[in-house]
Amino acid sequence: MDLRGELLKSIWYAFTALDVEKSGKVSKSQLKVLSHNLYTVLCIPHDPVALEEHFRDDDDGPVSSQGYMPYLNKYILDKVIEGTFVKENFDELCWTLSAKKNYKTDHNGHRVLSQQDSFRLWCLFNFLSEDKYPLVMVPDEVQYLMKKVYMAMNLELNSGDLDESLSQDSLQQSGLTVWKFLELVNSGGFFKGIEREIISMAIEEVYQEIIQDVLKQGYLWKRGTLRRNWTERWFTLKTTSLCYYLSEERKDKKGLIPLDKSCCVEVLPDRDGKRCIFCVKTASRTYEMSATDTRQRQEWTTAIQTAIRLQAEGKKSYHKDLRQKRREQRELKEQQRAAKEEERLRLRQLQEERERQQQEIERLKEAQQQNETLMQEEEKRRQLQQEEMQRALEVQLQEAEQARASMKAEMALKEEEANRQRKRIKELEEMQEKLQDALRQEIKARQDEQAMRYEHTRLLEEEEEKMKQLMKLKKEQEEYIARTQWEKQVLWEEMKNKSKALDEAQQQLERVRENRARADQDVEVAQRKVRQASTNVSHWNVQMNRLMHPIAPGEKRLAPSSVKPAFCGPVLNRRNSSVKTVQKAEEKDSSLHCLDCKETAKRDENQPPSHMSTADMLDPAP
């Protein structure tokens, strides 16, 4: 987990401690104090107006953790720079805020842990707890932490006592909270019969190892660079460096050996009266050191090589790597447990299926035995019928023999009758053979029938499955029919409305047709008048042409008896005037005819043709 996640764990304790009513919300005044303290211990420039501006639109009520998180991320955590602050001071601040409410002090001295030891165990708990809220530590991590403390005390942890202490708690599956964990430690559940000073020293060593990333520490002899003399120093090994001090109080720091992936460790032979010598080679210098014995030298070289390996792999903390591996192992175990549980359930299902099949086989066996009993009874019945038939044949043969004996004297006369009898006997024997064949075929048919019954049983099961599907389809069909009936009712209402509109359109069409019929009659009358006028015009044209024909010289022309020559001129004038009158009347009739034709054409355009249906009228073409 990164630095932000570690800081959030401690801040979560401080926020929940300020939530006195356990409502999930904290007042703004308390959040201001908390934010100011966080600015101070994290060495971030303080911005007193940021909180007010961030919650400017909110009311004066308390703020939830979700509401405080954006401000915390933006103004505090995003500005944190690793190495610019002392994380122990930050943890001590969050511990002080949360311990006031949750950790009860004992002034009688009955507690196993001091205040400093409780704080260190609280830090170790936060480091080993799961990355989910509320923070808990699983029993495996509790056992790991107790083993580390016992190893620091050079003691061996009794797993039985630890399991007994953990079994008294009801949180085996969900894990232990830090306050329940500290309560168990103070009650003596983990450290029975061990002095408080030894426990305190062991907790401090584990705290330095896990929280402060101290892989190993202790006294070693170091050879100087200039004077080349050997001096004893207190060495502290971390993943990035090997520091040495004047004493184990680590107040006077004498030097630092930086470690990176290019460094290496070598074991040197004994010389100058020093044993168990080894050296650490860096890019700029080689450092020679001497341990007290071979085991110490091996531990130191292994620890330094581990630090160099972590540098090469880009990992900053050895115990963070171990914690991640333990979590992966727990997840793998959980997956394996889930797989085993699934396999167990599958085996149980297979066992139940096998038992069901066994019961089915037993039922089939009983049915087969019943069928075999029926077949045996049928076989006995057929055998009795065959015996009866055999006895009947024997009786017939005896009768034939008797007839043959009685008719011995008449053998010559009745030889043909005897031949017919022999032929009949032969036919009866053939019939007997056929009956036997039929009996064998009947037995085979019974066997085939038994096989067909098995097949019929299987078909019945399939039919039952299909019947279930059919019932499901029937239910869906009924729903579809109900929906269709409702849609049909809606369509019926629409059809009634459209039918009513169609009737009204039909009535309008009838009225239009009547108007058109009357208009056609008027047109016919006008056409008759036009034809009459045309006839009159033609007649008068013929008369005029005849009268206007010129007389050639020497031509004889008989004048009408009623017309006198003296009056020819006026007659011609009257004819000319009559012709003009006829022409004017004809022009007037033709103009009236044209007007009537235009009106008829307009009515034809406005009215539908007589051959159009009502549907065509209601649905005109686009």
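Residues numbered from 1 in each chain as written. Predicted model: local features only at pLDDT ≥ 70, side-chain atom pairs only at ≥ 80, totals over all residues. Heavy atoms only, no water.

Once that is clear, we can look at helix α10 (residues 196–210). Since there are 3.6 residues in each turn of an α-helix, residues three or four apart along the chain are aligned in direction. When the terminal C-alpha atoms of α10 are compared, their 21 Å separation across 15 residues agrees well with the 21 Å that a helix rising 1.5 Å per residue should span. Among all positions of α10, only I199, A202, I203, V206, Y207, Q208, E209 and I210 are buried. Its buried side turned inward, α10 meets α5 (87–102), α6 (115–128), α7 (139–152), β3 (216–223) and α12 (318–406). (Helix = DSSP H or I, 4+ residues; strand = E, 2+ residues; numbered from the N terminus. Expected span 1.5 Å × (residues − 1). Buried < 20%, exposed > 50% of the residue type's maximum accessible area, 1.4 Å probe, protein only. Contact = heavy atoms within 4.5 Å.)

Among the surface-exposed residues, E427, E429, E430 and E433 lie close enough to one another that they form a single negatively charged patch. Mapped onto the elements of the fold, E433 is located in helix α13 (residues 415–547). (Patch = residues over 30% accessible without salt bridge, like charges linked within 9 Å, V, L, I, M, F, W, Y side chains within 5 Å. Areas by Shrake-Rupley, 256 points an atom, 1.4 Å probe, with all protein chains shown as cover. Salt bridge = Lys/Arg side-chain N within 4 Å of Asp/Glu carboxyl O. Lys, Arg positive; Asp, Glu negative; His and termini not counted. Charge placed at Lys NZ, Arg CZ, Asp CG, Glu CD.)

This part covers the environment of C243. Assignment of secondary structure puts C243 in strand β5 (residues 241–245). On the accessibility criterion, C243 (8% relative accessible area) is buried. Placed 15 residues apart in sequence, C243 and P258 show a C-alpha to C-alpha distance of 8.4 Å. Those residues in contact with C243, other than ones at most four positions away along the chain, are W234, F235, T236, K253, G255 and L256.

Looking at where H319 falls in the secondary structure, it is placed in helix α12. Within the structure, H319 has its side chain in polar contact with the side chain of E209 (distance 3.2 Å). If sequence neighbours within four positions are ignored, H319 has contacts with F127, Y144, K148, E209 and I210. (Polar contact = N/O pair within 3.5 Å; in protein donor to acceptor, adjacent residues only side chain to side chain.)

Right, let's get into the packing of α5 against α6. When two helices pack together, their arrangement is given by the angle between their axes and by how far apart the axes lie. The interhelical angle for the contact between α5 and α6, taken along N-to-C directions, is 105 degrees, at an axis separation of 10 Å. Compared by their axis directions, α5 and α6 come out roughly perpendicular. Between α5 and α6, the residues in contact are E88, D91, E92, C94, W95 and S98 and Q115, Q116, S118, F119, W122 and C123, respectively. Class assignment of the residues belonging to the contact of α5 with α6 gives a composition of 5 nonpolar, 4 polar and 3 charged. (Axes fitted to C-alpha atoms, helices over the stretch in contact; angles between N-to-C directions. Parallel < 35°, antiparallel > 145°, perpendicular 65-115°, else oblique. Nonpolar A, V, L, I, M, F, W, Y, C, P; charged D, E, K, R; others polar.)

It is worth spelling out the sheet that holds strand β6 (residues 253–258) at this point. Spatially, 7 strands are ordered β6-β5-β4-β3-β9-β8-β7 in an open sheet, and the strand pairing comes out antiparallel. Strands with a single pairing partner mark the edges of an open sheet, and in this sheet they are β6 and β7 (264–268). Here the strands of the sheet are splayed against their neighbours by 35 degrees on average, with no regard to which way each runs. Where β5 meets β6, 5 bridges bridge the pair, whose relative direction is antiparallel. Bridging across to β6, L242 finds its partner in I257. Helix α11 (residues 294–313) rests against β3, β4 (230–237), β5, β7 and β8 (277–281) of the sheet, and its axis sits at about 160 degrees to β7. (Pairing = 2+ DSSP bridges.)

So, on to the packing of aromatic side chains. On inspection of all chains with the given rule, the structure shows 17 aromatic pairs. When the centroid spacing of 5.0 Å and the interplanar angle of 70 degrees are considered together, the rings of W12 and Y13 count as edge-to-face. Owing to a relative accessible area of 24%, W12 belongs among the partly exposed residues under this scheme. On the numbers, 5.3 Å between centres and 40 degrees between planes, the contact of F235 with Y244 is tilted. Each member of the pair F235 and Y244 is classed as buried. Within the aromatic cluster, the residues linked to one another by ring pairs are W12, Y13, W95, Y103, F119, W122, Y133, W179 and Y207. Lying over the aromatic face of F127, R323 brings its terminal NZ or CZ to 4.4 Å of the ring centre. Geometry around Y144 places R326 over its ring, the cationic atom sitting 3.7 Å from the centre. (Phe/Tyr/Trp six-rings, centres within 6.5 Å; stacked < 30°, edge-to-face > 60°. Lys NZ or Arg CZ within 6 Å of the ring centre and 35° of its normal.)

A few words on the pattern of salt bridges. When the charged atoms of two side chains with opposite charge come close together, those side chains can pair. Tallied over the full model, the rule gives 34 salt bridges. One salt bridge connects E204 with R120, and the closest N-O pair in it is separated by 3.8 Å. Taken as a pair, E204 in helix α10 and R120 in helix α6 lie far apart in primary sequence, 84 residues in all. By relative accessible area, which is 30% here, E204 ends up partly exposed. Its relative accessible area of 12% is what places R120 among the buried residues. In the salt-bridge network here, residues are joined through shared partners; they are E378, R381, R382, E442, R446, E449 and R453.

Taken residue by residue, the chain gives an average pLDDT of 81. The fraction at 70 or more is 82%. Under a pLDDT of 50 for its full length, residues 557–579 has, in the predicted model, 6 contacts with residues more than four places off or in other chains. The low-confidence segment residues 605–622 (pLDDT under 50) makes 18 contacts with residues lying over four places distant or belonging to another chain. (pLDDT = per-residue confidence, 0-100.)

Attention now moves to unusual backbone geometry. Between Y133 and the following residue, P134, the backbone shows a cis peptide bond with an omega angle of 0 degrees. Inspection of the secondary structure puts P134 in the loop between α6 and α7. A positive phi angle is found at C43, which is not glycine, with a value near 60 degrees. Summarising the element assignment, C43 is placed in the loop between α2 (28–41) and α3 (50–54).

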